[in-house]
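Here is what each chain is made of, one letter per residue.
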There are 2 protein chains.
Amino acid sequence: MIVVENNAKTVVMEGILDANDALAQANRAQFDQAGTYVVNIMSSPGSGKTTILERTLEALHSRLRIGVLEGDVQTSLDADRLSRFGVPTVQINTGSEWGGGCHLDANMVRCGLPSLPLQNIDLLFIENVGNLVCPAGFGLGENVRVIVASITEGEDKPLKYPHMFRCAELVLVNKIDLLEYLDFDLPQFQRNLDAVNPNVPRILLSARTGQGIEEWCAWLIAQQRKSLASYPVD
Amino acid sequence: MIVVENNAKTVVMEGILDANDALAQANRAQFDQAGTYVVNIMSSPGSGKTTILERTLEALHSRLRIGVLEGDVQTSLDADRLSRFGVPTVQINTGSEWGGGCHLDANMVRCGLPSLPLQNIDLLFIENVGNLVCPAGFGLGENVRVIVASITEGEDKPLKYPHMFRCAELVLVNKIDLLEYLDFDLPQFQRNLDAVNPNVPRILLSARTGQGIEEWCAWLIAQQRKSLASYPVD
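Residues numbered from 1 in each chain as written. Chains lettered and ligands numbered in written order. Predicted model: local features only at pLDDT ≥ 70, side-chain atom pairs only at ≥ 80, totals over all residues. Heavy atoms only, no water.

## Concerning the pattern of salt bridges
All told, the structure shown has 27 salt bridges over all chains when counted by the stated rule. Across the salt bridge formed by Arg65 of chain A and Asp122 of chain A, the nearest N and O atoms sit 2.9 Å from each other. With Arg65 of chain A in the loop between helix 2 (49–60) and strand 2 (66–72) and Asp122 of chain A in the loop between helix 4 (106–112) and strand 4 (123–127), this pair connects stretches of sequence that are 57 residues apart. Of the charged contacts in the structure, one is a salt bridge between Asp72 of chain B and Lys160 of chain A, with a shortest N-O distance of 3.4 Å. Of the two residues, Asp72 of chain B is situated in strand 2 (residues 66–72) and Lys160 of chain A in helix 5 (residues 157–160); the pairing between them involves two chains. In this structure, Asp72 of chain B and Lys160 of chain A share a single accessibility class: buried. (Salt bridge = Lys/Arg side-chain N within 4 Å of Asp/Glu carboxyl O. Helix = DSSP H or I, 4+ residues; strand = E, 2+ residues; numbered from the N terminus. Buried < 20%, exposed > 50% of the residue type's maximum accessible area, 1.4 Å probe, protein only.)

As structure tokens, then:
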């Protein structure tokens with residue numbers, strides 16, 4: 001076994017990450033000023049982020065003023081699915097760079113903000129590009145990072161993509177309705193998750209059957225209220 | 001809807017891609033000289049690349065001299081699974097850059113080559129980092145690119161990750177044994193695939209049940225023989 005470190009690009013990337021952090025702080029100041037609680041949702045492609053958001057909008061859009069910022073390499077398929085709930089939805093396409101930008105960064109989010117009525121949004125979901133690697137490195141100014149892990153992807157993913165699972169403040173373990181049809185070892189997944197992010201909260205969920213959606217929405221509301229309570233009174 | 005192009009990084013990335021192409025050509029020359037046929041396997045995390053390779057090594061390692069180059073952000077879990085077949089296996093960890101390098105590039109492969117006895121390898125599998133975006137942009141010097149698409153990921157993926165599906169020379173449609181338990185629309189997936197890469201060959205496969213493995217191995221052997229026949233006689 002050999003380990004190859006690819007140092008050549010590191011200096012360039014450090015500069016990019018530094019600029020990203022500055023823009024993420026500026027985004028966060030804007031969110032705080034508007035009283036908007038922001039959730040950055042990340043996962044592999046096809047783990048069910050958009051379907052979870054559909055169930056979440058169904059459950060919450062009469063209780064909270066919600067907005068969505070959708071990140072995809074191409075198409076507005078996901079934004080189209082969510083805009084039918086009548087919530088403000090902005091699509092960001094990351095385009096063709098590197099065969100398609102593989103993550104949202106703080107500047108892309110910043111470019112999308114003028115299209116969102118932040119003052120009228122209590123809860124903003126940012127659905128990141130489906131990718132378990134780079135999105136973990138680029139803060140967007142969010143309040144909280146939620147990772148969706150589909151049980152169809154196997155129990156080893158926390159170990160193989162530790163940066164992503166380490167940055168999570170909640171893990172939604174999705175497609176749990178398929179458990180009996182898969183060779184997925186749930187206790188082993190839990191142990192692998194604890195190995196990289198001990199005791200991170202996790203919710204077993206099925207966007208298809210609705211299992212866990214209530215618990216997830218209760219968690220969201222509690223987080224949003226806690227955040228709101230911490231703002232200084234005018 | 002707005003479209004945000006992130007031009008700031010493009011100049012840097014063009015330079016990186018140019019250097020990558022030069023190194024990929026150098027890798028290819030080395031593969032050709034050794035008579036090694038090289039398959040670059042790409043997919044989302046957890047779509048079943050390693051399990052497919054396990055079944056492939058079982059079926060082929062007595063007929064062809066096989067080698068494996070494993071790309072992962074971290075761990076040697078996949079290489080460990082494959083090395084039990086007694087084939088030369090090299091693990092490349094892409095490390096912590098950007099929260100973990102999200103793809104193999106030609107230089108990483110080049111750094112791994114001295115650890116592989118190329119002269120004694122007819123067929124080399126390069127298992128890329130699980131990611132549907134960036135690996136499509138970085139040629140490694142391979143002869144052929146194979147994409148694994150798991151039906152658990154949904155039928156929209158060719159449209160949402162068109163660069164990846166466009167560069168494919170074969171698509172393995174994996175986890176087909178789960179078809180009856182999912183809301184997956186196979187004809188729609190086929191149409192979406194044809195929309196970005198018309199008539200690309202595809203094999204319906206289940207690494208778990210073995211369905212399609214024989215067809216996939218026959219395809220590999222045919223490709224490898226055709227390539228060998230095209231080399232100039234010494």
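## Quick notes on the side chain of Thr94 of chain A
Residues and elements named next belong to chain A. By the element assignment, Thr94 lies in the loop between strand 3 (89–93) and helix 4. Of the residues examined, Thr94 reaches a relative accessible area of 2% and is grouped as buried. At 2.6 Å, the side chain of Thr94 and the backbone oxygen of Gly101 are in polar contact. (Polar contact = N/O pair within 3.5 Å; in protein donor to acceptor, adjacent residues only side chain to side chain.)

## A short note on unusual backbone geometry
Residues and elements named next belong to chain B. Of note in the backbone geometry, Thr75 takes a positive phi value of approximately 75° without being a glycine. For Thr75, a relative accessible area of 22% corresponds to the partly exposed category. Phi angles above zero are rare outside glycine, and Asn199 is one such case at about 65°. With respect to the helices, strands and loops of the structure, Asn199 is situated in the loop between helix 7 (186–196) and strand 7 (202–204). Among the residues examined, Asn199 registers a relative accessible area of 68% and is labelled exposed.

## A short note on the packing of aromatic side chains
Ring pairs (aromatic) are described by centroid distance and by the angle formed between their planes. Applying the stated criterion across every chain yields a total of seven aromatic pairs over all chains. With a centroid separation of 6.2 Å and an interplanar angle of 20°, the aromatic rings of Trp216 of chain A and Trp219 of chain A are classed as stacked. Here Trp216 of chain A pairs with Trp219 of chain A, and both are found in helix 8 (residues 213–229), just three residues apart, close to one helical turn. The exposure class of Trp216 of chain A is buried, given its relative accessible area of 0%. Between Phe125 of chain B and Trp216 of chain B, the ring centres sit 6.5 Å apart and the planes meet at 45°, which makes this aromatic pair tilted. Separated by 91 residues along the polypeptide, Phe125 of chain B in strand 4 (residues 123–127) and Trp216 of chain B in helix 8 (residues 213–229) bring together distant segments of the chain. Given the relative accessible area of 0%, Phe125 of chain B is considered buried. The structure contains a cluster of three or more aromatic residues connected by ring pairs, namely Phe125, Trp216 and Trp219 of chain A. (Phe/Tyr/Trp six-rings, centres within 6.5 Å; stacked < 30°, edge-to-face > 60°.)

## Section: the pairing of strand 1 (residues 37–43) of chain A
In regular strands, side chains alternate between the two faces of the sheet. Residues and elements named next belong to chain A. Within strand 1, seven of the seven residues are buried, which leaves it mostly tucked inside the rest of the structure. Alignment of strand 1 against strand 4, held across five bridges, turns out to be parallel. The residue of strand 4 that forms the bridge with Val38 is Leu124. Where strand 1 lies against strand 5 (residues 144–150), five bridges are found, and the strand directions are parallel. In the strand pairing of strand 5, Ile41 is matched with Val146. (Pairing = 2+ DSSP bridges.)

## So, the nonpolar core
General note: in soluble globular proteins, nonpolar side chains tend to be found buried as a group. Ile147, Phe165 and Val171 of chain A together with Ile147, Phe165 and Val171 of chain B are the most contacted members of the largest nonpolar core, which has 52 residues in total. At the level of elements, strand 5, helix 6 (162–166), strand 6 (170–174) and helix 7 (186–196) of chain A together with strand 5 (144–150), helix 6 (162–166), strand 6 (170–174) and helix 7 of chain B are the ones that each hand at least two residues to this core. Beyond its immediate stretch of four places on either side in the chain, Val171 of chain A contacts Ile147, Ala149, Leu193, Val200, Pro201, Arg202 and Ile203 of chain A. (Core = buried A, V, L, I, M, F, W, Y, C linked by side-chain atoms within 4.5 Å. Contact = heavy atoms within 4.5 Å.)

## A few points about the sheet that holds strand 5 of chain B
Residue and element names in this part refer to chain B. Read across the open sheet, the seven strands follow the order 3-2-4-1-5-6-7; overall the sheet is parallel. The sheet is open, and its two edges are formed by strand 3 (89–93) and strand 7, each paired on a single side. Recorded for the sheet is a direction-independent mean angle of 20° between the axes of neighbouring strands. In this structure, strand 5 lies alongside strand 6, joined through five bridges in parallel fashion. Counterpart to Ser150 in the pairing with strand 6 is Asn174. Here helix 2 (residues 49–60) sits on the sheet and contacts strand 1 (37–43), strand 2, strand 4, strand 5 and strand 6; the angle it forms with strand 4, its principal contact strand, is near 165°. Lying on the sheet, helix 8 is in contact with strand 1, strand 4, strand 5, strand 6 and strand 7; it crosses strand 1 at an angle near 140°. (Axes fitted to C-alpha atoms, helices over the stretch in contact; angles between N-to-C directions.)

## So, the pairing of strand 6 of chain B
Residues and elements named next belong to chain B. Within strand 6, five of the five residues are buried, leaving the element largely enclosed by the surrounding structure. Every second residue of strand 6 is oriented toward a common face, with Leu170, Leu172 and Asn174 on one face and Val171 and Val173 on the other, all of them buried. As judged from the three bridges shared by strand 6 and strand 7, these two strands associate in the parallel manner. By the bridge assignment for strand 7, Leu172 is matched with Ile203. Between strand 6 and its parallel partner strand 7, the chain crosses via helix 7, and the hand of that crossover is right-handed. (Right-handed = clockwise from strand over helix to strand, strands pointing away.)

## Notes on helix 2 of chain A
Between its first and last C-alpha, helix 2 of chain A extends 16 Å over twelve residues, near the 16 Å set by a 1.5 Å rise per residue. Three or more residues of helix 2 of chain A are buried, namely Lys49, Thr50, Ile52, Leu53, Glu54, Thr56, Leu57 and Leu60 of chain A. (Expected span 1.5 Å × (residues − 1).)

## Looking at the sheet that holds strand 6 of chain A
All names here are of chain A. Pairing is parallel in the open sheet, where seven strands are placed in the order 3-2-4-1-5-6-7. Taken across any chain shown, the strands that pair with only one partner, and hence form the sheet edges, are strand 3 and strand 7 (202–204). The average undirected angle you get between the axes of adjacent strands in this sheet is 20°. Sheet strands in contact with helix 7 are strand 5, strand 6 and strand 7, and its direction is about 165° off that of strand 7. On top of the sheet, helix 8 reaches strand 1, strand 4, strand 5, strand 6 and strand 7; it is set at about 140° to strand 1, its chief contact.

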